[in-house]
Amino acid sequence: MVLLVGINAKYIHTTLSIRSLKANAGKHREQVAIAEYTINHRREEIFRSICEKKPEAIGFSCYLWNIEYVMSLVCDLKKILPGTLLFLGGPEVSYHPEEVLRNHPDVDLVMVGEGEQTFREFMDRKKLSEINGIVYREGTEIRRTAPRQGMNLDELAFPYDNLEGLENRILYYESMRGCPFSCSYCLSSIEKTVRIKSPEKTERELDFFLEQKVPQVKFVDRTFNCNHEYAYRIWKYIGEHDNGVTNFHFEIGGDLLREEDFLLFDTFRPGLVQFEIGVQSTNPDTIRAIRRTMDLGELRENIARVRRNRNIHQHLDLIAGLPYEDFESFKRSFNDVYAMKPDQLQLGFLKVLDGSHMSEVQKQYDVLASSLPPYEVFSTKWLSYEEVLQLKQVEEMVEVYYNSFQFAASVAYLVRWFESPFALYEALARYYRERELTGRKHSRMERYDILWQFGIHSIPKEEHEIWREILTYDLFRRDYVKNPPEFVLPKTEEKKRMIRSFFDRECEKPWYLHGYEGYVTRQLTHMIYIGEYTVDMEILLENGEVRRREAYYILFDYRRRSPLDHGAGEQHLSREEITGTVSGLPGEPE
C-alpha cells in the first residue's frame, strides 16, 4: 500500500493534490490510501498514525504552510520504517529538488511539477530512470529525468468519489492549469500557457458537488475568467443549476469582466458565488515592476457594479513589500482599495518564492526575506523592517475589526473621525500596542469592550451616545448576547413590557416572525433581539453617513442570516408596529 499524506493549515481545508493522484492511479487506485491531518495536530500523533499503517511508500504534498512540518516527520520515519520509500511533491519541492535530496538524506525521490501521470508510472513500478518528471537517488548520485509534459486536462479523472469524512469542509476543484499573466511573485506565471478542461467535462463534474449539496467549492484556478467564453458558460451553468446551498469561490481578474457577466450576476442567489480579486497595489510603478496588467479604473467600476446587488461576496487582496511601494504609497493603495468597499480586504506580505521572477531580482530590489517558509519579506529598498512590523499590526486590526464582519457599522462610523481608513486601523494598532493588548487572545466581548474604549478616546464627548448605539447594533446583529458588555444600556421596564406584548401577539398570530411557530413569549425573548435605534443603520453601512431619525426598532432574526456576512436578518419596525397600534398590518386580509 502507498500512503499519500496531506497536512492542511486548518481542519476545514482539504488536499486536492493527493486525491487527484489517487483518482488517476489507474488500475492501482485501490492500492493507494489517503491520510489528512492539520498543522495543529501534535507531531507525535501524526507520526504514530502514519507508522501504524505500515505503508510500502509514503508521499507528502508540500506547500508553504506545511513544509517544515513535513520535513520534521520525514527525518524520523525511516527510523521506524527503514524499508519504506519516501517521496515528495508539490510547489515547495519542485523548484529545487536536488537541494531537497541533498539536505534530506531520508527522502528517496521528488516528483517535479504535474504529478498524476508520474505517479501512475511510479505505481506501475517502472524503473525510476524511465519515469519523466522525477529527481531521485542512484547510489550516491542524484539523477533528474526528462521534464514531464502537461496533460490534457480532459484526461484527468475526477478526484472525488464520495464525501465520507468531508462533510462541511471546503472542497477544492481545478478546471485549468497555468496562467496567461506574468506576475513576478507568483509561481503560476512560470507556465505561461493555459490548459482548460472542456466546459462539458467541467459541468459534469460540478454536477457531483451540486447533487451532494457541498457547502463550498473553491476553484484553485488562477484568473478563472482569463478565457471569457469559458468562464461565462460555467457561471451560467452554476446559476441555472443552483441547489440553494453550494457556494462557488473563484479567483478572477476584476478588470476583465464584461457587460454580459454583470447581467448574469444580477440573477444569482445571494451567496451562490464569491470572488477573490488580486489588486496587490494601486501604484503604477509597482504594477509595472511586478509585471501585472491591470486597468485600475475599469477594476474600480467593475467592483462597484458587482457590489450593486449585494449578492456576491468580494474579497480584495493587497501585498505589502512590493517594489516601489514605500509606506506612504502603501497607505494610498490601502485607502484606494478600502474605498472600493470590499467584503473582505486581505492585507498580505510579499513572499519570495524559489522559482519566481521575484527571487531573481531580489538583490536588485534589496529585498530581505525569511530563509524559512513562508519566505516572507523583512524589508525592501522602499520599506524598512520597522515599517513592515507596523503594517503587520495594521493587518491584525483589519482582520479583527473589518474582515470579521462583526463591527461593520462601527468602523463605518469611526473612520469619519480619522484622516483616512488606514489612519483608523493604524490608530487602533497603536491603541493596542500602548495598552499591551497585542499578542493576547481576546474574547469576542473583550474586542467590543476594547473598541468601545477606543471610540470614547477618539471621538467628541457629544458623540458618545451615538457611538454606544452603533456599537450595540453591531453586537446584536451578530448574535443574541445574554450578558452584554457594560456599554449596552439595559432596557427600561416599559420597553420590556412593550416587547413582551409584541411577542404575545406574534405567538397568537405571527405577522413579523415566521418559522417560530410553537414557541411561547418566554422562549422568544431569548431567541429574538429587538433593539431601539435613532441612527439610520442602512445609510451608515452604505455611505458612512450618520443620519438621525425618529426612534425605530430593529428585530434581529438569527435564523435568517445573510449569506454574505452572516449577520442576522433584520426587520425595521416603527413604534406603532411594535405596540400593535398601526392600522393595516402587512399581509392583513382586506
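Structural data are supplied above this passage.
Thresholds, definitions, all that
Residues numbered from 1 in each chain as written. Predicted model: local features only at pLDDT ≥ 70, side-chain atom pairs only at ≥ 80, totals over all residues. Heavy atoms only, no water. Helix = DSSP H or I, 4+ residues; strand = E, 2+ residues; numbered from the N terminus. Rg over C-alpha atoms; globule rule 2.2 N^0.38 Å. Contact = heavy atoms within 4.5 Å. Areas by Shrake-Rupley, 256 points an atom, 1.4 Å probe, with all protein chains shown as cover. Lys, Arg positive; Asp, Glu negative; His and termini not counted. Charge placed at Lys NZ, Arg CZ, Asp CG, Glu CD. Core = buried A, V, L, I, M, F, W, Y, C linked by side-chain atoms within 4.5 Å. Buried < 20%, exposed > 50% of the residue type's maximum accessible area, 1.4 Å probe, protein only. Phe/Tyr/Trp six-rings, centres within 6.5 Å; stacked < 30°, edge-to-face > 60°. Lys NZ or Arg CZ within 6 Å of the ring centre and 35° of its normal. Salt bridge = Lys/Arg side-chain N within 4 Å of Asp/Glu carboxyl O. Pairing = 2+ DSSP bridges. Axes fitted to C-alpha atoms, helices over the stretch in contact; angles between N-to-C directions. Patch = residues over 30% accessible without salt bridge, like charges linked within 9 Å, V, L, I, M, F, W, Y side chains within 5 Å. Parallel < 35°, antiparallel > 145°, perpendicular 65-115°, else oblique. Nonpolar A, V, L, I, M, F, W, Y, C, P; charged D, E, K, R; others polar. Disulfide = S-S within 2.5 Å. Expected span 1.5 Å × (residues − 1).

1. Overview of the overall build of the protein
Argument step 1. On a plain count of helices and strands, the protein comes out with 22 helices and 20 strands.
Argument step 2. Its C-alpha atoms give the protein a radius of gyration of 27 Å, near enough to 25 Å, the size a compact globule of 590 residues would have.
Argument step 3. Taken over the C-alpha atoms alone, the protein extends approximately 90 × 55 × 50 Å along its principal axes.
Argument step 4. Sequence separation of 24 or more characterises 68% of the internal contacts of the protein that already satisfy a separation of 6 or more.
Argument step 5. Here the protein displays about 27,400 Å² of accessible surface, and carbon together with sulfur accounts for 48% of that area.
Argument step 6. Of the side-chain charges in the protein, 78 are positive and 94 negative, and the distance between the mean point of each set is 3 Å.

2. Looking at the nonpolar core
Argument step 1. Within the largest apolar cluster, 120 residues are counted, with the highest numbers of intra-cluster contacts made by W235, Y401 and Y425.
Argument step 2. At eight residues, helix α16 (residues 421-434) tops the list of elements feeding residues into this core.
Argument step 3. Other than its neighbours up to four places away in sequence, W235 contacts F224, N225, F250, I252, L257, D261, L264, F265, F268 and F275.
Argument step 4. Among the nonpolar cores identified, the runner-up in size contains 29 residues, and F47, C51, V74 and V93 belong to it.

3. Considering the packing of aromatic side chains
Argument step 1. For the coordinates displayed, the defined rule picks out 55 aromatic pairs.
Argument step 2. Positioned above the aromatic ring of Y11, the side-chain terminus of R169 is 4.6 Å from the ring centre.
Argument step 3. One cation-aromatic arrangement involves R559 over Y516; the distance from NZ or CZ to the ring centre is 4.7 Å.

4. Regarding the pattern of salt bridges
Should the charged atoms of two oppositely charged side chains come close, the side chains can pair.
Argument step 1. Summed over the entire model, instances satisfying the criterion amount to 44 salt bridges.
Argument step 2. Between D479 and R444 there is a salt bridge, with the nearest N and O atoms lying 3.8 Å from each other. Within this pair, whereas D479 is found in the loop between α18 (464-478) and α19 (493-508), its partner R444 is found in helix α17 (residues 444-458), the two being separated by 35 residues in sequence.

5. Quick look at the sheet that holds strand β14 (residues 313-320)
Argument step 1. One open sheet accounts for six strands, arranged β8-β11-β12-β13-β14-β15; its pairing is parallel. In this open sheet, the two edge strands, each paired with only one partner strand, are β8 (171-173) and β15 (344-349). Strand-to-strand twist across the sheet, computed as the mean angle between neighbouring axes with direction ignored, equals 25 degrees.
Argument step 2. Where strand β11 (residues 216-219) meets strand β12 (residues 247-252), three bridges bridge the pair, whose relative direction is parallel. Bridge assignment links K218 to a residue of β12, and that residue is H249.

6. Remarks on the sheet that holds strand β19 (residues 548-557)
Argument step 1. With respect to topology, three strands assemble into an open sheet ordered β18-β19-β20, the strand pairing being antiparallel. Each edge of the open sheet carries a strand with a single partner, namely β18 (529-535) and β20 (569-573). The mean inter-strand angle of the sheet, taken between neighbouring strand axes irrespective of direction, is 30 degrees.
Argument step 2. As defined by bridge partners, β19 adjoins β20 across five bridges and the pair is classed as antiparallel. For I554, the partnering residue across the bridge sits in β20 and is H572.
Argument step 3. The strands touched by α19 within the sheet are β18, β19 and β20, with β18 carrying the most contacts at an inclination of about 120 degrees.

7. A look at the pairing of β19
A regular strand places its side chains so that they alternate between the two faces of the sheet.
Argument step 1. One ladder, built from six bridges, connects β18 with β19; its direction is antiparallel. If you follow V535 over to β19, its bridge partner there is R548.

8. Quick notes on a nonpolar patch on the surface
Argument step 1. Judged by side-chain polarity, L368, F378, Y385 and L389 come together as a nonpolar surface patch covering roughly 370 Å² of accessible area.
Argument step 2. Mapping Y385 onto the fold places it in helix α14 (residues 385-401).

9. Quick word on the side chain of T202
Argument step 1. Inspection of the secondary structure puts T202 in helix α7 (residues 199-212).
Argument step 2. Beyond its immediate stretch of four places on either side in the chain, T202 contacts Y173, S175, K197, Y230 and I234.

10. Topic: the packing of helix α12 (residues 327-338) against α16
Axes are the key here: two packed helices are described by the angle between their axes and the distance separating the axes.
Argument step 1. Across the interface, α12 lies against α16 with an axial gap of 8 Å and an inter-helix angle of 110 degrees. Judged by the angle between their axes, α12 and α16 are roughly perpendicular. Every residue of α16 that contacts α12 at F327, F330, K331, F334, N335 and Y338 is listed here: P421, F422, Y425 and E426.
Argument step 2. Classifying every residue of the contact of α12 with α16 by side-chain character gives seven nonpolar, one polar and two charged.

11. Remarks on the state of the cysteines
Argument step 1. According to the stated counting rule, one finds zero disulfides in the structure shown.
Argument step 2. Just so you know, C183 is unpaired, no disulfide at all, and the nearest cysteine sulfur is the one on C179, 6.3 Å from it.
Argument step 3. Assessed through its relative accessible area of 9%, C183 is described here as buried.

12. Digging into unusual backbone geometry
Argument step 1. The residue after P373, namely P374, is reached through a cis peptide bond having omega 10 degrees.
Argument step 2. With respect to the secondary-structure elements, P374 resides in the loop between β16 (368-369) and β17 (377-379).
Argument step 3. For K341, which is not glycine, the phi torsion reads 55 degrees and is therefore positive.
Argument step 4. Note on placement: K341 falls in the loop between α12 and β15.

13. Remarks on α18
Along an α-helix, a turn takes 3.6 residues, which lines up residues three or four apart on a common side.
Argument step 1. Over its 15 residues, α18 extends 22 Å from the first C-alpha to the last, a length consistent with the 21 Å expected when each residue adds 1.5 Å.
Argument step 2. Burial analysis of α18 places 14 of its 15 residues in the buried class, which makes it a mostly covered element.

14. Points about the pairing of strand β6 (residues 134-138)
Argument step 1. In this structure, strand β5 (residues 109-111) lies alongside β6, joined through three bridges in antiparallel fashion. Opposite M111, over in β6, you have I134 as the bridge partner.
Argument step 2. Pairing of β6 with strand β7 (residues 141-144) involves four bridges; the strand directions are antiparallel. Bridge pairing links R137 to I142 in β7.

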